Amino acid sequence: MPPKSKAATAAAAEPVSLEDLFSAIHRHIEAGEYPQAVKVADQVLAAAPGDEDAVRCKVVAHIKSDATDKALAAIRAAERLPIDLSYYKAYCYYRQNKLQEALEILNGQEETTDVLQLESQIYYRLARMNDCLNSYEKLQKFKIDSMDLKINTMAALVAAGRASEVHAAMKAQKVDLTTRALRDARSFELAYNSACALIENKKYSEAKEQLDLAKRIGKEELMVEDYAEDEIEYELAPVSAQLAYVQQLQGQTQEAMETYVNMINKKSGDPSSLAVATTNLVSLKGTKDAADGLRKLDRLVEKSTAPNQLQLIETLEFKLSPRQKEALYSARVLLLLHANKIDQAQELVSGLLGMFRDSIFPVLLQAAVHVREKKVPKAEEVLSRYAEKHPDDSKGVLLALAQIAANANHFQIAADSLSKISDIQHMPATVATLVALKERISDSNGASSVLDSAIQWWKNAMTEDNKLDVFMREAASFKLNHGRDEEACQLYEQLVKSCGSTEALAGLVATSARTDLEKAEQYEKKLKPLPGLKGINVESLEKTSGARHVDQAMKVDVPEEVKKQKAKKRKRKPKYPKNFDPANPGPPPDPERWLPKRERSSYRPKRKDKRAQVRGAQGSVSKDKHDASATSSKVSQSTTTAKAPEPPKSNKSRNKKSRR
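In this text the structure is predicted, and so the values were computed from the model without any measurement.

Some thoughts on the overall build of the protein chain
Each helix and strand counted, the protein chain has 36 helices and 0 strands in total. Burial status across the protein chain gives 33% buried among its 660 residues. Taking contacts inside the protein chain between residues at least 6 apart in sequence as the whole, the part at least 24 apart equals 47%. For the protein chain, the accessible area works out to roughly 44,300 Å², and carbon and sulfur atoms hold 50% of it.

Quick look at the packing of aromatic side chains
All chains considered together, the criterion is met by 4 aromatic pairs. Measuring from centroid to centroid gives 5.7 Å for Tyr-87 and Tyr-88, while their planes differ by 75°, and the two rings are edge-to-face. Aromatic pair Trp-458 and Phe-471: ring centres 6.1 Å apart, planes at 25°, arrangement stacked. Of this pair, Trp-458 sits in helix α28 (residues 444–460) while Phe-471 sits in helix α29 (residues 468–481); the two residues are 13 residues apart in sequence, bridging distant segments of the chain. A relative accessible area of 6% places Phe-471 in the buried class. Every member of this aromatic cluster is reached through a ring pair, and the members are Trp-457, Trp-458 and Phe-471.

Comments concerning the packing of helix α7 (residues 99–106) against helix α8 (residues 113–125)
Put simply, α7 and α8 touch, their axes get as near as 10 Å, and they point 150° apart. As the angle between them shows, α7 and α8 are arranged roughly antiparallel. Of the two elements, α7 crosses α8, and the hand of that crossing is left-handed. Residues Leu-99, Ala-102, Leu-103 and Leu-106 of α7 lie in contact with α8, whose contacting residues are Val-115, Leu-118, Glu-119, Ile-122, Tyr-123 and Arg-125.

Details of unusual backbone geometry
One non-glycine residue with positive phi stands out, namely Ala-127, at about 65°. For Ala-127, the location among the structural elements is in the loop between α8 and α9 (129–140). Positioned with a positive phi, Lys-174 is a non-glycine residue whose angle comes to about 60°. Of note, Lys-174 is situated in the loop between α11 (166–172) and α12 (179–185).

Quick look at the packing of helix α6 (residues 86–95) against α8
Interhelical geometry of α6 versus α8 gives an angle of 25° and a closest axis separation of 11 Å. Considered as vectors, α6 and α8 are oriented roughly parallel to each other. Crossing angle aside, the handedness with which α6 passes α8 is left-handed. Counting all contacts with α6, which are made through Tyr-87, Ala-90, Tyr-91 and Tyr-94, the residues of α8 involved are Asp-114, Val-115, Leu-118, Gln-121, Ile-122 and Arg-125. Its residues placed into classes, the contact of α6 with α8 shows 7 nonpolar, 1 polar and 2 charged.

Some thoughts on the pattern of salt bridges
Applying the stated criterion across every chain yields a total of 20 salt bridges. Among the salt bridges present, the one from Asp-66 reaches Arg-95, with a minimum N-O distance of 2.4 Å. With Asp-66 in the loop between α4 (52–64) and α5 (68–77) and Arg-95 in helix α6, the pair connects residues that are 29 residues apart, well separated along the chain. The class for Arg-95 is partly exposed, based on a relative accessible area of 34%.

Remarks on the nonpolar core
Counting residues in each nonpolar core, the largest one holds 71 residues, and the members touching the most others are Val-59, Ile-122 and Val-166. Ranked by residue count, the leading element in this core is helix α13 (residues 188–200), at 8 residues.

Here's the deal with the side chain of Asp-292
Structurally, Asp-292 can be placed in helix α19 (residues 290–298). Here Lys-296 takes part through its side chain, which lies 2.6 Å from a polar atom of the side chain of Asp-292.

A few points about helix α3 (residues 34–47)
Its 14 residues give α3 an end-to-end C-alpha distance of 20 Å, which sits within 8% of 20 Å, the value for a rise of 1.5 Å per residue. Within the sequence span of α3, burial applies to Tyr-34, Ala-37, Val-38, Val-40, Ala-41, Val-44 and Leu-45. Projection of α3 onto a plane perpendicular to its axis shows the buried side chains occupying an angular sector of 165°, all on one side. Residues of α3 that are exposed and point more than 90 degrees away from the buried face comprise Lys-39, Ala-46 and Ala-47. Each element contacted by the buried residues of α3 is listed here: α2 (18–30) and α4.

Some thoughts on helix α23 (residues 361–372)
Relative to the 16 Å expected for 12 residues at 1.5 Å per residue, α23 spans 16 Å between its end C-alpha atoms, a close match to the ideal helical length. Restricting attention to buried positions, one finds in α23 the residues Pro-362, Val-363, Leu-365, Gln-366, Ala-367, Val-369 and His-370. Tucked into the core, α23 has its buried residues touching α21 (322–338), α22 (342–355), α24 (376–389) and α25 (395–407).

Observations regarding the environment of Thr-179
Here Thr-179 shows up in helix α12. Residue Thr-179 is classed as buried on the basis of its relative accessible area of 17%. On a C-alpha basis, the gap between Thr-179 and Leu-213 in space is 8.0 Å, while along the polypeptide they are 34 residues apart. Excluding residues within four positions of it along the chain, Thr-179 makes contact with Glu-209, Gln-210 and Leu-213.

The rules behind these values
- Every residue gets a number counted from 1 within its own chain, in the order that chain's sequence is written.
- In keeping with the predicted nature of the model, local features appear solely for residues at pLDDT of at least 70, side-chain atom pairs appear and are counted solely at 80 or more, and the whole-chain, interface and lining totals rest on all residues.
- In computing side-chain properties, one takes all heavy atoms of the structure into account and sets aside hydrogens as well as water.
- For helices the rule is a DSSP run of H or I covering at least 4 residues; for strands it is a run of E covering at least 2, with both sets numbered from the N terminus onward.
- Residue burial is assigned from relative accessible area. The probe radius is 1.4 Å, only protein chains are included, and a residue is buried under 20% of its type maximum, exposed over 50%, and partly exposed in between.
- For this analysis, residues touch if any pair of their heavy atoms sits within 4.5 Å.
- All accessibility values rest on the Shrake-Rupley procedure with a 1.4 Å probe; residue burial counts only the protein chains present in the view.
- Put simply, two rings from Phe, Tyr or Trp (the six-membered ring, in Trp's case) pair if the centres are within 6.5 Å, and we call them stacked under 30 degrees between planes, edge-to-face over 60, tilted for the rest.
- As a rule, the C-alpha atoms of each element are fitted with a line to give its axis, helices using only the stretch in contact, and angles between N-to-C directions run from 0 to 180 degrees.
- Roughly parallel here means an angle under 35 degrees, roughly antiparallel means over 145, roughly perpendicular means 65 to 115, and every remaining angle is called oblique.
- With the far helix as reference, a near helix turned anticlockwise by less than a right angle produces a left-handed crossing, and one turned clockwise produces a right-handed crossing.
- The residue classification treats Ala, Val, Leu, Ile, Met, Phe, Trp, Tyr, Cys and Pro as nonpolar and Asp, Glu, Lys and Arg as charged. All others, Gly included, are polar.
- Here, a salt bridge means any side-chain nitrogen of Lys or Arg that lies within 4 Å of a carboxyl oxygen of Asp or Glu.
- Here the nonpolar core consists of buried residues drawn from Ala, Val, Leu, Ile, Met, Phe, Trp, Tyr and Cys, with membership extended through side-chain atoms lying within 4.5 Å.
- We call two N or O atoms a polar contact when they sit within 3.5 Å, provided that within protein one can donate a hydrogen and the other can accept it, with sequence-adjacent residues counted only if both atoms are side-chain atoms.
- To estimate the expected span of a helix, count its residues, drop one, and scale the result by 1.5 Å.
- In this description, the arc belongs to the directions extending from the helix axis to the C-beta atoms.

Everything listed here is a matter of geometry and, on its own, says nothing about what the molecule does.
This is the structure in structure tokens:
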């Protein structure tokens with residue numbers, strides 16, 4: 001190895017200036033060469049220990065290279081220095097999904113734009129959407145005109161179940177969500193989130209249009225960046241899954257199923273999109289091929305050593321929202337129930353109750369497991385307990401309780417459950433169900449009060465599709481059938497005054513005839529006469545054979561001509577079989593001729609032939625062995641030819657044959 005020159009030795013010994021080193025750090029970070037930036041930062045710290053800028057550059061370079069453990073180590077090494085690296089520490093915990101630790105660190109920080117943005121992301125991951133939206137509202141005070149902020153605000157509103165507020169919130173931020181404006185804005189994420197809000201608002205046609213737009217914009221942007229076709233399909237997998245979901249909601253099940261199957265088979269999407277597609281496909285198939293659906297979902301679930309502890313595979317645990325996780329686990333429980341794996345379903349439900357404490361779905365699934373185990377009282381107890389603890393969020397639970405109780409003939413429990421749902425008491429289906437349940441328990445007064453309450457609600461309702469006439473007509477019919485003639489008469493009279501229909505007028509006449517005859521005669525005059533009744537003589541009609549007097553039956557004289565016609569009735573000759581002589585009919589047919597032979601009284605079963613039995617000591621051979629084998633072969637031949645059985649012969653003929 002040649003010796004180093006003096007100039008090279010002098011250059012190596014000459015210290016590099018800090019400015020040059022920082023310039024090198026900046027150059028490496030701009031080029032994405034983060035490990036090299038860390039090395040240069042170490043050179044700066046060797047020359048100037050405790051340099052704040054060098055420490056920050058080193059920590060940021062580690063974070064940029066996804067080495068969060070090394071970044072945390074560098075932060076801990078700098079704890080003795082007067083440098084505040086709390087934000088970077090919180091960000092490292094956020095990247096490691098240690099969300100609570102990250103949030104605790106940020107709680108004492110000044111609310112800068114960086115802190116608020118990180119805080120909002122943590123709240124979003126924790127599914128604390130209202131807190132997330134509060135952070136976004138604070139960010140808007142800084143007057144940041146960022147499209148990412150607007151897109152994230154939309155996503156948080158949809159995830160919080162406040163999709164109806166999206167339009168107003170975006171209008172306040174001067175964002176137009178019409179399809180034409182989105183086309184001009186050429187923002188893939190904005191169109192996608194706007195479509196998600198429309199789906200939550202059940203505007204599926206508009207959502208499909210904006211999803212198609214988002215897919216087209218995203219494809220054009222990725223093609224400009226020289227993405228391959230399969231890479232474009234991978235990047236746009238969330239849009240494809242959402243499009244298939246809209247098709248599923250619109251009843252286009254075949255198209256949706258093809259999209260889901262194509263995504264799963266090709267694995268053309270990120271893990272979260274594939275998990276959503278798998279869950280939706282399983283729900284679309286329902287009970288068909290439950291074993292295959294379980295296999296698909298089991299690939300997404302990880303075995304946990306802790307009891308009642310649920311966990312998805314690593315790529316999904318922190319990428320799926322709580323709502324998506326709940327849907328996945330719920331689908332798995334239902335498939336386990338259909339596959340009669342009750343124990344596994346019970347174990348999974350126990351884990352869900354601990355994971356989703358504020359959700360209604362685990363409670364419904366627990367009740368479903370009890371019903372499958374034929375423990376209906378236990379299911380009713382679970383649902384009743386939840387409804388008592390959460391009266392404002394128990395509509396679905398009460399409906400499920402009513403259905404389970406009605407199927408078990410617990411009509412009182414079913415009626416009480418439906419009566420607790422105040423916002424559907426006026427609906428026709430609810431009223432009809434409640435009336436039927438009250439009638440089952442012989443509570444006609446309760447059924448009548450249900451109808452009266454519904455009538456009162458529709459009287460005060462200001463809706464275009466008013467059901468007042470329908471309810472009044474049904475209530476009048478019900479009261480009439482249950483002996484409440486006066487109440488029925490009042491209802492029919494109100495109907496006549498409000499709509500004046502012929503049906504209501506006829507009902508009023510029929511009802512008032514029982515209570516007030518004068519009123520019945522008064523309203524009867526308003527009925528239109530039926531055509532063809534003017535030429536009928538009522539007195540002659542009463543004298544016909546079909547009419548009877550109220551007090552005594554009147555005798556009607558039958559004319560002689562009618563009597564003669566009845567007497568002259570011709571008698572038809574009976575038809576006999578061909579060549580049958582009725583004078584000599586012969587013996588009567590056997591009454592048992594259509595019965596099988598075994599069921600006839602003359603049937604006698606054949607006796608077993610005991611002559612082929614071997615007598616004597618064990619191992620001895622009968623002298624008639626040869627004859628017996630020949631006889632057995634003949635019998636087997638006769639059975640294969642399937643001839644008609646002959647009548648049994650007497651024992652004498654058998655003895656004669658054997659003597660020969």
